[in-house]
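Okay, here's what each chain looks like letter by letter:
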Amino acid sequence: MRRFIDEFLEPEERQWLVPNFEGIKNKVFDYFDNGLKSEEIVKRLQKDMYIFTDEQEFDWELEVVNNILENKPITNRFTGITFG
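Residues numbered from 1 in each chain as written. Predicted model: local features only at pLDDT ≥ 70, side-chain atom pairs only at ≥ 80, totals over all residues. Heavy atoms only, no water.

A. Structural detail: the packing of helix H2 (residues 21-33) against helix H3 (residues 38-48). Two numbers describe how H2 lies on H3: the axes approach to 10 Å, and their chain directions differ by 125 degrees. Taken together, the axes of H2 and H3 lie oblique to each other. In the packing of H2 onto H3, the handedness of the crossing is right-handed. Contacts between H2 and H3 involve Lys-27, Val-28, Tyr-31 and Phe-32 from the first element and Ile-41, Arg-44, Leu-45 and Asp-48 from the second. Here the residues of the contact of H2 with H3 sort into five nonpolar, no polar and three charged. (Axes fitted to C-alpha atoms, helices over the stretch in contact; angles between N-to-C directions. Helix = DSSP H or I, 4+ residues; strand = E, 2+ residues; numbered from the N terminus. Parallel < 35°, antiparallel > 145°, perpendicular 65-115°, else oblique. Left-handed = near helix turned anticlockwise from the far one by under 90°. Contact = heavy atoms within 4.5 Å. Nonpolar A, V, L, I, M, F, W, Y, C, P; charged D, E, K, R; others polar.)

B. Representation of H3. Along H3, the positions that sit buried rather than exposed are Ser-38, Ile-41, Val-42, Leu-45 and Gln-46. Angular distribution of buried residues about the axis of H3 spans 135 degrees; they occupy a single face of the element. Exposed side chains of H3 directed beyond 90 degrees from the buried face belong to Lys-43 and Lys-47. As for H3, its buried residues are in contact with H2 and helix H4 (55-69). (Buried < 20%, exposed > 50% of the residue type's maximum accessible area, 1.4 Å probe, protein only. Arc of directions from axis to C-beta.)

This is the structure we're talking about:
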């Protein structure tokens, strides 16, 4: 999921990448609306995107999912760009 969160969450000119931020956000809310909790959402996103993760990455991805659900901004760890 790092690829999608840290590389694809970029300025408007990169939002053509699939999934873009809105695509990820929509998936998170779809899973949430279907009764999944944050931890389960992260695991489902990892499975859907065939992404290996470790504990540190899981914690980061969980923070991103929680921020999406709480409508808080998300800042790319590498570029400093913030998404809301």
